[in-house]
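Listed below, chain by chain, are the residues.
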Amino acid sequence: LDGVWMIIWRRVRGAGASVSDRGHLHHRLLDLGLSQRQVVAFYYTVSILFGSLGLLLPDSWWKLGALSILTGLMIGLLFYLARKQPQTQNSH
């Protein structure tokens, strides 16, 4: 999802695919002040949610619905983080 987001986001901004930036989800979370451990814990939590839903939901339609809801929430988070300004570091 993060890779697809970056392709779409770069096209909207007019940047090429070879331009490096800090737009990936893990960079945005770090720039907002989360520690590396917190970012990894976030990724683990999201992975556990997706995996648990895949294992626990009995019907493929329930799985598709849950996947759609979680994907929508993740896209919402990506839009929120794309608009939020990174935390500035003081040089004191």
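Here we summarise the structure given alongside this text. (Residues numbered from 1 in each chain as written. Predicted model: local features only at pLDDT ≥ 70, side-chain atom pairs only at ≥ 80, totals over all residues. Heavy atoms only, no water.)

**Side note on the overall build of the protein chain**
Along the backbone of the protein chain there are four helices and zero strands. Beginning at the N terminus, the succession of helices and strands in the protein chain can be written as α-α-α-α. Relative to its 92 residues, the protein chain shows a buried fraction of 17%. Across the protein chain, every contact between residues at least 6 apart in sequence was considered, and the portion connecting residues at least 24 apart equals 45%. A total of about 7,100 Å² of accessible surface is found on the protein chain, and carbon and sulfur atoms cover 64% of it. (Helix = DSSP H or I, 4+ residues; strand = E, 2+ residues; numbered from the N terminus. Buried < 20%, exposed > 50% of the residue type's maximum accessible area, 1.4 Å probe, protein only. Contact = heavy atoms within 4.5 Å. Areas by Shrake-Rupley, 256 points an atom, 1.4 Å probe, with all protein chains shown as cover.)

**Brief notes about the packing of helix 3 (residues 36-56) against helix 4 (residues 60-83)**
In contact at an axis separation of 9 Å, helix 3 and helix 4 are set at 160° when each is read in the N-to-C sense. In terms of their interaxial angle, helix 3 and helix 4 are classed as roughly antiparallel. You can see that helix 3 and helix 4 cross each other, and the crossing is left-handed. Here helix 3 contributes Phe42, Val46, Leu49, Phe50, Leu53 and Gly54 to the contact with helix 4, which in turn contributes Lys63, Ala66, Leu67, Leu70, Thr71, Met74 and Leu77. Split by residue class, the contact of helix 3 with helix 4 holds ten nonpolar, two polar and one charged. (Axes fitted to C-alpha atoms, helices over the stretch in contact; angles between N-to-C directions. Parallel < 35°, antiparallel > 145°, perpendicular 65-115°, else oblique. Left-handed = near helix turned anticlockwise from the far one by under 90°. Nonpolar A, V, L, I, M, F, W, Y, C, P; charged D, E, K, R; others polar.)

**Re helix 4**
Look at helix 4: 34 Å from first C-alpha to last across 24 residues, which is about the 34 Å you get at 1.5 Å a residue. All of the buried residues in helix 4 are Ala66, Leu70, Met74, Leu78 and Leu81. (Expected span 1.5 Å × (residues − 1).)

**Some words on the nonpolar core**
If you look at the biggest cluster of nonpolar residues, it comprises nine residues: Trp5, Met6, Leu25, Leu29, Val39, Val46, Met74, Leu78 and Leu81. Elements represented by at least two residues in this core include exactly helix 1 (2-13), helix 2 (25-31), helix 3 and helix 4. The greatest single-element share of this core, amounting to three residues, is contributed by helix 4. (Core = buried A, V, L, I, M, F, W, Y, C linked by side-chain atoms within 4.5 Å.)

**A few points about the packing of aromatic side chains**
For the coordinates displayed, the defined rule picks out one aromatic pair. Plain terms: the ring middles of Phe42 and Tyr43 are 6.1 Å apart, the flat faces sit at 80° to each other, and that makes the pair edge-to-face. (Phe/Tyr/Trp six-rings, centres within 6.5 Å; stacked < 30°, edge-to-face > 60°.)

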